[in-house]
Amino acid sequence: MNKLKIFLSKRLGFMTLLVFTLWLKTIIAYYVDFSLGVADPLQHMILIFNPIATTVILLSIALYITRAKISYIVMGVIYVLESALLYGNVLYYREFSDFLSFNTIAGASKVSKGLGSSASSLVQAHDFIYGIDFIIIAVLFLTHFIKLDSRPMRKLTAIAATMLGVFLFSFNLTIAESNRPQLLGRTFDRAYIVKYLGLNTFLAYDSIKTVQNNQVRSEAVGTDMDDVLSYVENNYAKPNPNYFGKAKGKNIIIIHLESFQQFLINDKVNGQEVTPFLNSLYNDKNTMSFDNFYHEVGQGKTSDAENMLETGLFGLPEGSLFTKLGSDNTFQAAPAILGQKEGYTSAVFHGNVGSFWNRNVVYKNMGYNYFFDSNYFNKTNDSSLEYGMKDKLMLSESVKYLEQLQQPFYAKFITVTNHYPFQLPDEDNDGFAAPTTNNSVVNNYFVTAHYLDNSLKEFFNYLKDSGIYDNSMIVLYGDHYGLSNSQNPDLAPLVGVDSNNWDDFNNSQMQKVPFMIHMKGLKGGINHTYGGEIDVLPTLLHLAGIDSKQYVQLGTDLLSQKHNPIVIFRNKNFVTPHYTVLKDSDGNPEVYRNKTGELVNLDEDPVLKQKVAKWQKYVNEKLKMSDTINNKNLLRFYTPTGFTPVDPKNYDYQNEIQKLVQTRDSLGLKSTSVYSQNNNKPTTGLYNTDAPELNGDRTFIDSWSSILKNKDTDETK
Ligand code: GP9
Ligand code: MN
């Protein structure tokens, strides 16, 4: 005891005590108040370790101060601020399932709006833990158990303490990056950064990013928009009169096929079709199917695909636009345009946590009315894989919300089971026999794709049986590759290529993803037009009867006579209807003939060489235009006529069920939801799924009471 007393009465000893109590409180918050999705023992270790480094670094600042009293005061202030940050995050998390960012803290009004009225209801019984340390420390001082150490500190000791913190931090970072590569580069999710590196690092990282963004933005002026507008005017392709307005007033259902590549369509393994349902849809006379459609994502993967489809602008050259700029940027996105022009209600269904890819924030800026994230689905032990709910469960549990949406609706379903590492429990496989290459990732990819296909068949059956189908345009697209270039040589024999001959051209062919527009009465067929994700928004708006002319979108309507068929990859490579142009490691163009896959010698074809240079200039210019618009947040300077800028404050995804019911009740007989049109009776009974997790129990499909109950208990616990 005496030893402890002596230790704590040294300045370093006191600092150790503070590091310890802050660590303890943080760990309690991690395990009791936050849900960080810690999966394996290593992640637990990283989590337990991560609060230490930054607290050591911060508290060591006080050690540089020679005067004892001031040094103790500074240490105390840092401790109070750290404790406040922790508890602030605990409260904020309870309300928003998210962490305090630089902007939330800086915009004090927002925070108080967020926490203000409800702050007291957010306090829970065990919260005394977050404050009891102050009483204990005060008592220790008052009883003279701890005394002030008035001896001056050696600078070297202070430096050593800081260095220790820096060393611990580098260690933490190395292990974190090895468990989750590109953690900071791609910034998938705020929760990931907290899980791996702690709250302090998250806040520091977020602050640096915000200040950098703000700097670029502050340099921008309204006249920067002039160039953009004239570019967009030249880029515009007017709608094809045969298709314009063909889907006017119809529901638009977007189905995001996770990691789904075009080569799976019509493919067979051991004589068995991999995706029989999607094949039937692909070949349906009411489906317009594109077979030269490419994904165009960068590091933001799913979020880049979403960004292109919603905004008609590219993602960023590095990282994800959703996480880097999505919190503050001004968007003129599909949900707002459709909502304002044609009265659409918009919703996203996705069985992962809402903060992944910063969706819970970005969707508000895009004007999405509803976001049903994993909170709105029933979670049981076997309902989720790494990236969220299994597709059969997510889709079947969505319809109890879907049927309540006012029509027409613009509803996006983001599937996730066909995601790397493509591991599907055996019980979810209906006996599909995977290929037997030496690469299990390649083999498993076919199994999860097959599962996704089955899930969609169930969903479509419901759409047909409920009548929603008759009144909807259904759009399906693959967001990006599932098998990366490094896996492709093992895939080669399955797509009829010798692994030894597999080259960059073959890799580029693998970037083709499905794009299908299905609607009863639509003149379909296989359309060979070259295009990509950037072209989807103008195509859909024109089908919905909205001219894209005044919006700042960089793609062109795939159905327009004036469509520009140069497909732009985010790394400046590109594909034209005849050539694929990829850069070699020195940045020189390698040009392949699409028909044969052979390499063209440009020196023997000066005319083509010139054309390639011209195309490249166009590609670079377009990407640069997109980056300028996004980085400088230029859309804040331009409001299309008749468009009202989206105010994210009007959106909130906390009480979706109450919102649905309130809207229905207040509209009364005017309610256009499927439920209301069905004489206020649910249609969920029409949903049939063989998902083994449900064990034949329909409760989760038919009733939302369990979700309401969870929410209630959350609020009162
Ligand atoms: C997670 C999911 C996956 O919510 O959308 O994103 P990805 O890893 O494909 O970018
Ligand atoms: Mn994806």
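Remember, predicted model here, so these are calculated numbers, not experimental data. (Residues numbered from 1 in each chain as written. Chains lettered and ligands numbered in written order. Predicted model: local features only at pLDDT ≥ 70, side-chain atom pairs only at ≥ 80, totals over all residues. Heavy atoms only, no water.)

S.K.: Any chance you could break down the coordination of the manganese ion (ligand 2) for me, citing the residues and the numbers?
M.R.: Within the protein, Glu258 (OE), Glu258 (OE), Thr302 (OG1), Asp479 (OD) and His480 (NE2) serve as the donor atoms for the manganese ion (ligand 2), at 2.0 to 2.6 Å. Because the angles between the 6 donor atoms bound to the manganese ion (ligand 2) fall within 54 to 166°, the donor set is best described as irregular. (Donors = N, O, S within 2.8 Å, 3.2 Å for Na, K, Ca; no water. Tetrahedral: all angles 85-135°; square planar, octahedral: opposite > 155°, others 65-115°.)

S.K.: Explain the sheet that holds strand β14 (residues 574-575) to me, and be specific about the residues and the numbers.
M.R.: An order of β13-β14-β15-β16-β17 is seen for the 5 strands of this open sheet, with the pairing classed as antiparallel. For this open sheet the edge positions go to β13 (567-568) and β17 (599-600), each flanked by a neighbour on one side alone. By the bridge criterion, 2 bridges tie strand β16 (residues 589-593) to β17 in an arrangement that is antiparallel. Considered in β17, the bridge of Tyr592 is made with Leu599. Each of β13, β14, β15 (579-583), β16 and β17 touches helix α23 (residues 606-631); the most contacted strand, β15, lies at about 70° to it. (Pairing = 2+ DSSP bridges. Helix = DSSP H or I, 4+ residues; strand = E, 2+ residues; numbered from the N terminus. Contact = heavy atoms within 4.5 Å. Axes fitted to C-alpha atoms, helices over the stretch in contact; angles between N-to-C directions.)

S.K.: How would you explain the packing of aromatic side chains if you had to name every residue and give the values?
M.R.: Considering all chains together, one arrives at 42 aromatic pairs under this definition. Ring geometry for Phe356 and Trp357: centres 5.6 Å apart, planes at 85°, overall edge-to-face. Pair check on accessibility: Phe356 and Trp357 agree, each one buried. Ring geometry for Phe356 versus Tyr387: centroids 6.0 Å apart, planes at 85°, classification edge-to-face. You can see Phe356 sitting in the loop between β5 (345-350) and α17 (359-366) and its partner Tyr387 sitting in the loop between β7 (384-385) and β8 (388-389), a full 31 residues away along the chain. (Phe/Tyr/Trp six-rings, centres within 6.5 Å; stacked < 30°, edge-to-face > 60°. Buried < 20%, exposed > 50% of the residue type's maximum accessible area, 1.4 Å probe, protein only.)

S.K.: Break down the site of ligand 1 for me, citing the residues and quoting the values.
M.R.: Every residue close to ligand 1 is listed here: Glu258, Lys301, Thr302, His350, Asn352, Phe356, Trp357, Arg359, Val416, His419 and His480. Take Asn352: an N or O atom from its side chain is 2.9 Å from an oxygen atom of ligand 1. For ligand 1, whose unbound accessible area comes to 310 Å², protein coverage reaches 98%. Looking at the shell around ligand 1, its residues break down into 3 nonpolar, 5 polar and 3 charged. (Near = heavy atom within 4 Å. Polar contact = N/O pair within 3.5 Å; in protein donor to acceptor, adjacent residues only side chain to side chain. Areas by Shrake-Rupley, 256 points an atom, 1.4 Å probe, with all protein chains shown as cover. Nonpolar A, V, L, I, M, F, W, Y, C, P; charged D, E, K, R; others polar.)

S.K.: Lay out the packing of helix α2 (residues 11-33) against helix α8 (residues 129-142) in plain terms, naming residues and giving numbers.
M.R.: The axes of two packed helices give the description: the angle between them and the distance between them. Where α2 meets α8, the closest approach of the two axes is 10 Å, and the angle between their N-to-C directions is 160°. For the element pair α2 / α8, the angle class is roughly antiparallel. In the crossing of α2 with α8, the sense of the turn from one axis to the other is right-handed. Between α2 and α8, the residues in contact are Phe14, Leu17, Leu18, Thr21, Lys25, Ile28, Ala29 and Asp33 and Ile129, Tyr130, Asp133, Phe134, Ile137, Leu140 and Phe141, respectively. Considering only residue class, the contact of α2 with α8 consists of 11 nonpolar, 1 polar and 3 charged. (Parallel < 35°, antiparallel > 145°, perpendicular 65-115°, else oblique. Left-handed = near helix turned anticlockwise from the far one by under 90°.)

Scope: geometric values only; no functional claims are made or implied.
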